[in-house]
Amino acid sequence: MRVRPRASTSDGFCLLEVVVATTTLVVALSALAQLLTIAALATRRARAITLATVLAQQKIEDLVPQAAIGGAGLGPSPPDALARNLDGYCDFVDASGRIVGLRAPAPVAAVYVRRWSIEALSTGSTVAVVLHVLVTDARSAGADTTVLTLQPADAHIVSVVRTVP
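Here is what the cut-offs are and how they apply
- Residue numbers restart at each chain and count upward from 1, following the sequence in its written direction.
- Two thresholds apply to this predicted model, a pLDDT of at least 70 for residue-level local features and 80 or more for giving and counting side-chain atom pairs, whereas whole-chain, interface and lining totals are computed over all residues.
- By convention in this description, side-chain values take in all heavy atoms of the structure and omit both hydrogens and water.
- Helical segments are the DSSP runs of H or I of at least four residues, strand segments are the runs of E of at least two, and each set is numbered from the N terminus.
- Only protein chains enter the accessibility calculation, which uses a 1.4 Å probe. A residue is then buried if its area is under 20% of the maximum for its type, exposed if over 50%, and partly exposed in between.
- Contacts between residues were defined by any pair of non-hydrogen atoms, one from each residue, lying within 4.5 Å.
- Only the protein chains shown count as covering a residue, and every accessible area follows the Shrake-Rupley method with a 1.4 Å probe.
- Aromatic pairing here means that ring centres of Phe, Tyr or Trp (its six-membered ring) are within 6.5 Å. Orientation follows from the plane angle: under 30 degrees is stacked, over 60 is edge-to-face, and everything else is tilted.
- We call a charge positioned over a ring when the NZ of a Lys or the CZ of an Arg lies within 6 Å of the ring centre and within 35 degrees of the ring normal.
- By convention a nonpolar core is built from buried Ala, Val, Leu, Ile, Met, Phe, Trp, Tyr and Cys residues, the set being connected through side-chain atoms within 4.5 Å.
- What goes into a patch is any residue over 30% in relative accessible area without a salt bridge, connected to like charges within 9 Å or, for nonpolar side chains (Val, Leu, Ile, Met, Phe, Trp, Tyr), within 5 Å.
- Only one rule defines a salt bridge in this text: a Lys or Arg side-chain nitrogen within 4 Å of an Asp or Glu carboxyl oxygen.

> Explain the overall build of the protein to me, please; I cannot follow it from the model alone.
Along the protein, the regular secondary structure elements total one helix and five strands. The helix and strand sequence of the protein, counted from the amino end, reads α-β-β-β-β-β. Residues counted as buried form 28% of the 165 residues belonging to the protein. For the protein, the proportion of contacts with a sequence separation of at least 24, taken over those separated by at least 6, is 56%. Summed over its atoms, the accessible surface of the protein is roughly 11,200 Å², and 63% of this surface lies on carbon and sulfur atoms.

The structure is reproduced here in structure tokens:
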């Protein structure tokens, strides 16, 4: 005895199946949209951190040759040079890495503030110079403070250079 399958009388989807499929699709697309937004924000933040690090490295490369030849032209900086915009120890850089100002206050085109400090370090017969370079967002660095507080997107590079007498 053979059992024949019953022939279905409907040729389409029922309303409940359409609602479930649509709900599943909307939930999946909204999760994907959130993921794309988070990825775009992370990419923008990574780009800002990378540029800040490159700007800090460029300043270190500018200062190291001067420090290595006995510190010619490099005077020690005030103790709060990294916390405030001090003329001679800061410059202002735009989004493409060009210097747009050398004196406080920050120009309108400034995106980053690059500050540096220079400290003499002598131990016995060895004389060295400690170079600190801090690159921070110009909008968050507007107020002068006496305490240095680093933000997540800041770049801070320290280099110790042995001087040649």
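> Before we go on, may I ask you to explain the packing of aromatic side chains in this structure?
For any pair of aromatic rings, the description rests on two quantities: the centre-to-centre distance and the angle between the ring planes. Inspection of every chain in the model, using the stated rule, returns zero aromatic pairs. Against the face of Trp-116 rests Lys-59, its NZ or CZ located 3.9 Å from the ring centre.

> For this particular structure, what's the right way to read the nonpolar core?
Taken as a class, soluble globular proteins show a tendency for nonpolar side chains to be buried jointly. Among the nonpolar cores identified, the biggest contains 21 residues, and Ile-118, Leu-131, Val-133 and Val-135 are the most heavily contacted of them. Going through the elements one at a time, helix H1 (15-68), strand S3 (112-123), strand S4 (126-137) and strand S5 (155-162) are the ones with two or more residues in this core. Setting aside residues up to four positions removed in sequence, Ile-118 forms contacts with Leu-74, Gly-75, Pro-76, Ser-77, Tyr-89, Val-129, Val-130 and Leu-131. The next biggest cluster of nonpolar side chains, apart from the first, holds five residues, and it includes Phe-92, Ala-110, Val-113 and Ala-138.

> What should I look at first to understand a nonpolar patch on the surface in this one?
Together, Leu-25, Leu-29, Leu-32, Leu-35 and Leu-36 make up a nonpolar patch on the protein surface, roughly 510 Å² of accessible area in all. By the element assignment, Leu-36 lies in helix H1.

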